Amino acid sequence: MPIDKKSLKVLLVSTEVNPYSKSGGLGDVAGSLPKALRDIGVDMRVALPKYHTIPVNLLDDAKKISEFTVHLSWRSQDAAIYAIDAHGDGDSVYLIENDFYFGRDSYYGYGDDFERFAFFTKATIEMLSRINFEADIVHFNDWHTGLGPTYLRDIYKGFTYYKDMKSLFTIHNLHYQGVFGRDILWSVGLNDGYYTGGDLEFYGNISYLKAGIMHADAVTTVSETYAHEIQTPSYGYGMDGLLRQRAATGQIYGITNGIDIETNNPETDKRIFVNFNADSPENKRMNKYRLQEELGLPAGKMPMFSMITRLVEQKGLDILSIIMDELLSMDVQLVILGTGESRYENMFKHYAWRYPNKVSANLKFNADLAQKIYAASDIFMMPSVYEPCGLGQLFAMRYGTIPLVRKTGGLADTVSHFNPETGQGNGFLFEDCVASGLMWAIRQANETYHSPHWDTLVKNAMNGEYSWQKAANEYVNMYKKVING
Ligand code: ADP
């Protein structure tokens, strides 16, 4: 049931919002969830930094609507607010401009990130009264905006305008915790009591992520399984005790992400070579042949395995490295698209050199190539050590590419092991984070690929429900619970 638009107003604050900025799943979620919520009647707005890397054509319709100064202890910096009517139904995207902080080549990785994102977070709260958007909830995401709930609770609630505003904090990845020395507190406008009192203290430092978990009215994460996992020492990265405390009072929610199924539609997507659907597997195969040509791999019907990922430990690359030779001894191809740690980049460079007819290592970030790989490949691997939700497997299934994943987090919630006897299932799962488990799943996938069951499996994957619809309704229910305290 659509809810009254006037009844629920939310500002989502994120350092990445696709298509303006994206380095991983956070950008996808912040780009597509608000649209799904607007579609069911929530007055949902989004704020992000105005990075100087945002493609200029996306800023054609941006208009400057406000300008003010943000105070972070001794330093005062100006923020200019640009608004975009992104969906043709009123302003919905707000860009916070400050060239000193965001006129740089990358989103992250600077010595003053603690200050850049504290500024951004504070500016988004400050913006609300300037543009007169009296949000019921400010929805902060990941460590970069983790100070938001603290600012709102301890600084802004003193003002009538902000008095009833609630905060929500979503953890997209608990591993990234925004840990800084205690001495930075004063420079982001907070006193040492946040360390000595323990609220932000984290093993001798302070953590922005902890601030979000401690002070938000509720905490969410991006799948049900991950919501449970992070309350255990193995997945909790030191925050599990605090998360258990918040869970005990019913303030931790797990809502599994969806994807934008309109822009990610194999029948209409202009970024792929040949459009297709569940009933035209031969057209999907054309994508493979065209990609083989583009990447300089020999043409052939062998299964094409792929990965599109940040090259970091989380993604299971250590167990993959152990079985690379075994995998490549089979009649397969492997296409990698990713950037990240040099040890992993070097590993893929090495195997591409050793097996030039089997491996294509594309060590870059390229959204168009990503789409072609989702469409062209047969098996998409995510042998993750942990995976809060994972979106790659959802994009892959939407394009008839079968996920081969470790049973953890959102992967466990969205992929089910294919059973050839019943014809049920949409992928391949292995349990323990060990190389033999991964190799077992690869053999299963390869065997099934060469069996008559493959088309059923592809159909199952393509016919799955990956939209935001269910999750959007769950968010609305949760927002309402938070508002009603
Ligand atoms: P994470 O958020 O941990 O990076 P997800 O699977 O949730 O992992 O989301 C990753 C997103 O980033 C997907 O949309 C994926 O297609 C995209 N992506 C990752 N690496 C690249 C790359 N090198 N080029 C293009 N897109 C990429």
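Structural data are supplied above this passage.
Heads up: these notes are all about the structure in this document. What you see is a predicted model; the values in this text were computed from it and never measured.

### Focus: the sheet that holds strand E8 (residues 179-180)
Next, step 1: Read across the sheet, 3 strands follow the order E8-E10-E9 without closing on themselves; strand pairing throughout is antiparallel. Where the open sheet ends on each side, the last strands, each with one partner, are E8 and strand E9 (201-202).
Next, step 2: Pairing of E9 with strand E10 (residues 205-207) involves 2 bridges; the strand directions are antiparallel. From the neighbouring strand, Glu 201 faces E10, where its bridge partner is Ile 206.
Next, step 3: Its contacts with the sheet put helix H6 (residues 208-215) on E8, E9 and E10, and the angle it makes with E10 is roughly 55 degrees.

### Considerations on unusual backbone geometry
For residues other than glycine, phi is negative in most cases, and the peptide bonds are mostly trans.
Next, step 1: For the bond running from Asn 18 to Pro 19, omega is 5 degrees, close enough to zero to count as cis.
Next, step 2: Phi is positive for Asn 132, close to 50 degrees, though the residue is something other than glycine.
Next, step 3: Examined against the element boundaries, Asn 132 turns out to sit in the loop between helix H3 (113-130) and strand E6 (137-141).
Next, step 4: Its identity is not glycine, yet Asp 142 carries a phi of approximately 65 degrees, on the positive side.
Next, step 5: Within the fold, Asp 142 resides in the loop between E6 and helix H4 (148-154).

### Let's talk about the site of the ligand
Next, step 1: Taken together, the neighbourhood of the ligand is formed by 22 residues, with Gly 25, Asp 28, Arg 310, Lys 315 and Tyr 374 sitting nearest.
Next, step 2: Residue Lys 22 places a side-chain N or O atom 2.8 Å away from an oxygen atom belonging to the ligand.
Next, step 3: Here an oxygen atom of the ligand and a backbone polar atom of Gly 25 are 2.6 Å apart.
Next, step 4: Contact with the protein chains covers 92% of the free accessible surface of the ligand, which is 570 Å².
Next, step 5: Residue assignment for the shell around the ligand shows that the elements contributing at least two residues are helix H1 (25-39), strand E13 (304-311), strand E14 (333-340), helix H13 (367-376) and helix H14 (392-398).
Next, step 6: For the shell around the ligand, the per-class residue count stands at 9 nonpolar, 7 polar and 6 charged.

### A short note on the nonpolar core
Next, step 1: The biggest cluster of nonpolar side chains holds 168 residues, and the ones touching the most others in it are Tyr 208, Ile 213, Leu 404, Ile 442 and Tyr 479.
Next, step 2: The dominant element in this core, judged by the number of residues it contributes, is H3, at 9 residues.
Next, step 3: Once you skip the residues sitting within four places of it in the chain, Ile 213 turns out to touch Phe 169, Ile 171, Leu 174, Val 219, Met 239, Leu 242, Leu 243 and Arg 246.

### A short note on the sheet that holds strand E17 (residues 402-406)
Next, step 1: The sheet built from 6 strands is open, its strands ordered E15-E14-E13-E16-E17-E18 with parallel pairing. The strands lining the two open edges of the sheet, one partner per strand, are strand E15 (359-362) and strand E18 (428-430). Put simply, the sheet's adjacent strands are angled 15 degrees from each other on average, direction ignored.
Next, step 2: Sitting on the sheet, helix H11 (residues 317-328) is in contact with E13, E14, E15, strand E16 (379-382) and E18, with an inclination near 155 degrees to E13.
Next, step 3: Contacting E13, E14, E15 and E16, H13 crosses the sheet at an angle of about 145 degrees to E13.

### Concerning helix H18 (residues 469-483)
Next, step 1: Between its first and last C-alpha, H18 extends 21 Å over 15 residues, near the 21 Å set by a 1.5 Å rise per residue.
Next, step 2: For H18, the set of buried residues is Ala 471, Ala 472, Tyr 475, Val 476, Met 478, Tyr 479 and Val 482.
Next, step 3: Positive backbone phi, approximately 70 degrees, marks Gly 485, located one or two places after H18.

### What about the pairing of strand E2 (residues 43-49)?
Next, step 1: Buried residues dominate E2, accounting for 7 of its 7 residues.
Next, step 2: The alternating pattern of E2 places Asp 43, Arg 45, Ala 47 and Pro 49 and Met 44, Val 46 and Leu 48 on opposite faces, both of which are buried.
Next, step 3: In this fold, strand E1 (residues 9-13) hands off to H1, which returns the chain to E2; that crossover is right-handed.
Next, step 4: Pairing of E2 with strand E5 (residues 93-97), which is carried by 4 bridges, proceeds in the parallel orientation. Opposite Pro 49, over in E5, you have Ile 96 as the bridge partner.

### Quick word on the side chain of Asn 141
Next, step 1: Tracing the backbone through its elements, the reader meets Asn 141 in strand E6.
Next, step 2: A polar side-chain atom of Asn 141 sits 3.2 Å from the main-chain carbonyl oxygen of His 139.
Next, step 3: With residues near it in sequence (within four places) discarded, Asn 141 still touches Leu 12, Val 13, Ser 14, Leu 26, Phe 169, Thr 170 and His 172.

### Details of the pairing of E16
Next, step 1: Residues Ile 379 and Met 381 line one face of E16 and the alternating positions Phe 380 and Met 382 line the opposite face, and both faces are buried.
Next, step 2: Looking at chain direction, E13 and E16 are connected through 2 bridges and run parallel. Bridged to Ser 306 within E16 is Phe 380.
Next, step 3: The pairing of E16 with E17 spans 4 bridges and is classified as parallel.

Cut-offs applied
- Along each chain, the written sequence defines residue order, and numbers are assigned to residues from 1.
- Restriction of local features to residues with pLDDT of at least 70 applies here, the model being predicted, together with a cutoff of 80 or more for giving and counting side-chain atom pairs; totals for whole chains, interfaces and linings are based on all residues.
- Side-chain measures were taken over the full set of non-hydrogen atoms in the model, leaving aside hydrogen atoms and water.
- Between any two strands, at least two bridges found by DSSP are needed for them to pair.
- Going along the chain from the N terminus, every DSSP run of H or I of four or more residues is numbered as a helix, and every run of E of two or more is numbered as a strand.
- Contacts between residues were defined by any pair of non-hydrogen atoms, one from each residue, lying within 4.5 Å.
- Angular values range over 0 to 180 degrees, each being the angle between N-to-C directions of two axes fitted as lines to C-alpha atoms, with helices fitted over their stretch in contact.
- Near residues are defined by distance, with any heavy atom within 4 Å of the molecule or strand qualifying the residue.
- Polar contacts here mean pairs of N or O atoms no more than 3.5 Å apart (in protein, one a potential hydrogen donor and the other a potential acceptor; neighbouring residues in sequence count only if both atoms are side-chain atoms).
- Accessibility throughout is a Shrake-Rupley quantity obtained with a 1.4 Å probe, and a residue counts as covered only by protein chains that appear here.
- Any residue outside Ala, Val, Leu, Ile, Met, Phe, Trp, Tyr, Cys, Pro, Asp, Glu, Lys and Arg is labelled polar, Gly included; the first ten of those are nonpolar and the last four are charged.
- The term nonpolar core refers to a set of buried residues drawn from Ala, Val, Leu, Ile, Met, Phe, Trp, Tyr and Cys, joined through side-chain atoms within 4.5 Å.
- Only protein chains enter the accessibility calculation, which uses a 1.4 Å probe; a residue is then buried when its area is under 20% of its type maximum, exposed when over 50%, and partly exposed in between.
- Here the expected length of a helix is defined as 1.5 Å per residue gap, with one fewer gap than residues.
- Looking down the strands as they point away from you, a crossover is right-handed if its path from the first strand over the helix to the second goes clockwise.

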